[in-house]
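Inside the fold
In case you want the letters, here they are:
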Amino acid sequence: MERPRKFYITTFGCQMNEHDSEVMAGMLLEKGFTAVRERKEADVAIINTCSIRENADKRFFGTLGQLKRRKMENPDFLVCVCGCMMQQQHVIDTIKAKYPWVDIIFGTHNIHQLPQLLENALSEKKKQIEIWPGSSDIVEGLPCKRLHQSKALVNIMFGCNNFCTYCIVPYTRGRERSRKPEEILREVKSLVTDGVKEVMLLGQNVNSYRGEGGVDFAGLIYMLNRVEGLERIRFMTSHPKDLSDRLIQAFIDCEKLCKNIHLPVQSGSSRILKAMNRHYDREQYLTLVDKLRQAVPGITMSTDIIVGFPGETEEDFQETLDLVRRVRYDSAFTFLYSIRKGTPAEKFEEQIPEEIKHQRFNRLVDLVNSISAEKNAEYKDTVQKVLVEGPSKTGSRTFAGRTDGFKLVNFRGAASMTG
């Protein structure tokens, strides 16, 4: 009898990609494959790619290069690449030309085909390339192998209609498609039965969720708040242009909705926000922050900020620093602008020199970190309730968990506390 094939998945990018990898693992386990802890033990290496930033591209091609020797030593070793980068023709052309040892290429719209593509590659002994340009369908009921026993990622929608000028996601993930509210409810109830205490609702822009029967995103939160046994609800990512008063009210009414929000601003300059096609200006964003803080005193906030967008002057950058000082984020994901092939901003003139980008980036990070440290210091000598995730990354004797406000806490504990 043939021994079970072993697989290892490398994931780049956001929580959506992380969840896609969980689904791929679930499908392979269902087909009799076994997961291994290190890529060197695997018969099948899967790389789930991200196209948001140039750095992820470089890491992907670096990883791909490392697999060449394995393939030469063992022709039966299978290399699969998937995810957002595969929805770009120039990437597929590069792989075909420079990385001929890749066996399977598929995209973001047909993850459910992975078991079949593997079967085809094994039986036909030839390359499998299956990219769908888009999809209006949502495949429900796929198995999933969660990374955590007590918390789960739940996609509520796919795709994006926003077309920010710097972003490739609408081209790689397609147009917005919302899942049926009853399908989301069914999945969450099933997760709770399996021991899940906390769900993170995912979408490129959850605020534009539109379920059947006129259920909007706030309506979905109210529905999930009634699920017995569920203790926490979170969501990512929230576009400021669509954040409704009803959603702000849900923070007050729904005790399970965590008092934390990730609200990407990208820039503190209205001029740059317009060039980014973000559909709000600086003042509208600050008004939203005020509304949230009035409704939910103590709400924790994180954001995304891009430094060095084409045409960004020192004055524009100072506006970003000023906005950070005013909002006082608990944390921020900060990025150097990188040109994404196929986006409008690729052709914008006034690209900022790398040296200036890095210098501004360092100033921003210093400010964000100092505010973050001040905000974290406020928790000193307080007692916080955390959901214990398991051993911390800092060492085997400590455990990790997050507060309602998404603060990561490391503490002495025991394995029995997990969940």
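Residues numbered from 1 in each chain as written. Predicted model: local features only at pLDDT ≥ 70, side-chain atom pairs only at ≥ 80, totals over all residues. Heavy atoms only, no water.

**Here we look at the overall build of the chain**
The line we're drawing: Only DSSP runs of H or I covering at least 4 residues are called helices, and only runs of E covering at least 2 are called strands; the numbering of each starts at the N terminus. With the radius of gyration taken over C-alpha atoms, the globule rule is written as 2.2 Å times the number of residues to the power 0.38. When accessible area is computed with a 1.4 Å probe and restricted to protein chains, residues below 20% of their type maximum are described as buried, those above 50% as exposed, and intermediate ones as partly exposed. Any two residues whose heavy atoms approach within 4.5 Å at even a single point are treated as in contact.
Helices and strands together make up the secondary structure of the chain, namely 12 helices and 17 strands. Taken over the C-alpha trace, the chain has a radius of gyration of 22 Å; the compact-globule value for 419 residues is 22 Å, and the two agree within 12%. In terms of overall dimensions, the chain has a C-alpha envelope of 65 × 55 × 50 Å along the principal axes. Across the 419 residues of the chain, 53% fall into the buried class. For the chain, long-range pairs separated by at least 24 residues make up 74% of all intrachain contacts whose partners lie at least 6 apart in sequence.

**Topic: helix H6 (residues 181-193)**
Residues spaced three or four apart along an α-helix face the same direction, because each turn holds 3.6 residues. Basically, it comes down to this: Here a helix's expected span is defined as the number of its residues, less one, multiplied by 1.5 Å. When we speak of the arc, we mean the arc of directions from the helix axis to the C-beta atoms.
Taking 1.5 Å per residue, 13 residues should reach 18 Å; H6 reaches 18 Å between its end C-alpha atoms and fits that length. When H6 is considered as a whole, its buried residues turn out to be Pro181, Ile184, Leu185, Glu187, Val188, Leu191 and Val192. One side of H6 holds all its buried residues, which, seen down the axis, span an arc of 165 degrees. Directly after H6, the chain includes Gly195, whose backbone phi takes a positive value near 100 degrees.

**What about the packing of helix H8 (residues 245-253) against helix H10 (residues 282-295)?**
Basically, it comes down to this: For helices, the fitted axis covers only the stretch in contact; all axes are lines through C-alpha atoms, and the angles between them, taken along N-to-C directions, range from 0 to 180 degrees. When an angle is under 35 degrees it counts as roughly parallel; over 145 it counts as roughly antiparallel; between 65 and 115 it counts as roughly perpendicular; any other value is oblique. Each crossing gets its hand from how the near helix is turned against the far one by less than a right angle, where anticlockwise is left-handed and clockwise is right-handed. Amino acids are sorted into nonpolar (Ala, Val, Leu, Ile, Met, Phe, Trp, Tyr, Cys and Pro), charged (Asp, Glu, Lys and Arg) and polar (every other residue, Gly among them).
Following both chains from N to C, one finds H8 and H10 inclined at 25 degrees, their axes separated by 9 Å at the closest point. Judged by the inter-axis angle, H8 sits roughly parallel to H10. Regarding H8 and H10, the two cross each other, and that crossing is right-handed. Contacts from Asp245, Ile248, Phe251 and Ile252 of H8 reach H10 at Leu288, Lys291, Leu292 and Ala295. By residue class, the composition of the contact of H8 with H10 is 6 nonpolar, no polar and 2 charged.

**Comments concerning the layout of surface pockets**
Going by this rule: Residues are called lining when one of their atoms sits within 4 Å of a cavity or pocket point, these points coming from a 1 Å grid over the protein atoms alone, where a cavity is a set in which a 1.4 Å probe fits but cannot get out and a pocket is an open set with protein on both sides within 12 Å along at least five of seven lines. Grid points are joined across faces, edges and corners, and a volume is the space filled by probe spheres set on the points.
For the second largest pocket, the calculated volume is near 680 Å³. What lines the second largest pocket is a set of 29 residues, among which His19, Val23, Val139, Leu142 and Phe158 lie closest to the centre. Elements that contribute at least two residues to the lining of the second largest pocket include exactly helix H1 (15-30), strand S7 (151-155) and H6. If you tally residues by element for the lining of the second largest pocket, the top one is H6, at 4 residues. Broken down by class, the residue content of the lining of the second largest pocket amounts to 10 nonpolar, 9 polar and 10 charged.

**Considerations on the pairing of strand S10 (residues 198-202)**
Stated precisely, the cut-off is as follows: The criterion for strand pairing is that DSSP finds at least two bridges linking the strands in question. A crossover counts as right-handed when, viewed with the strands pointing away from the observer, the path leading from the first strand over the helix to the second turns clockwise.
By the criterion of burial, S10 is predominantly enclosed, with 5 of the 5 residues buried. Of the pairings in the sheet, the one linking S7 to S10 comprises 5 bridges and is parallel in character. For Ala152, the partnering residue across the bridge sits in S10 and is Val199. Inspection of the sheet shows S10 paired to strand S11 (residues 232-236) by 5 bridges, in the parallel sense. Within S11, the position partnered with Leu202 by the bridge is Met236. What joins S10 to S11 is helix H7 (residues 217-225), and the crossover it makes is right-handed.

**With respect to the pairing of strand S1 (residues 6-11)**
Sheet topology note: the S1/strand S2 (residues 34-35) ladder contains 2 bridges and is parallel. Within S2, the position partnered with Lys6 by the bridge is Thr34. Handedness of the crossover joining S1 and S2 through H1 is recorded here as right-handed. Pairing of S1 with strand S3 (residues 44-49), which is carried by 5 bridges, proceeds in the parallel orientation.

**Concerning the pattern of salt bridges**
We count it as follows: Every case where a carboxyl oxygen of Asp or Glu lies within 4 Å of a side-chain nitrogen of Lys or Arg is listed as a salt bridge.
Scanning all chains against the criterion turns up 27 salt bridges. Between Arg173 and Asp20 there is a salt bridge, with the nearest N and O atoms lying 3.0 Å from each other. Note that Arg173 is positioned in helix H5 (residues 169-173) and Asp20 in helix H1, a separation of 153 residues in sequence. For the pair shown, Arg173 and Asp20 are each scored as buried. A salt bridge links Glu187 to Arg179, with the shortest nitrogen-to-oxygen separation between them at 2.7 Å. Each member of the pair Glu187 and Arg179 is classed as buried. A cluster of three or more residues bridged by salt bridges with shared partners is formed by Arg282, Glu283, Glu319 and Asp322.

**As for the state of the cysteines**
In plain terms, the rule: In what follows, a disulfide is any cysteine sulfur pair within 2.5 Å.
Evaluated as defined, the whole model comprises 0 disulfides. A disulfide-free cysteine, Cys144 has its sulfur positioned 15 Å from the sulfur of Cys82, the nearest such atom. A residue is classified by how much of its surface remains accessible, and Cys144, at 34% relative accessible area, is partly exposed.

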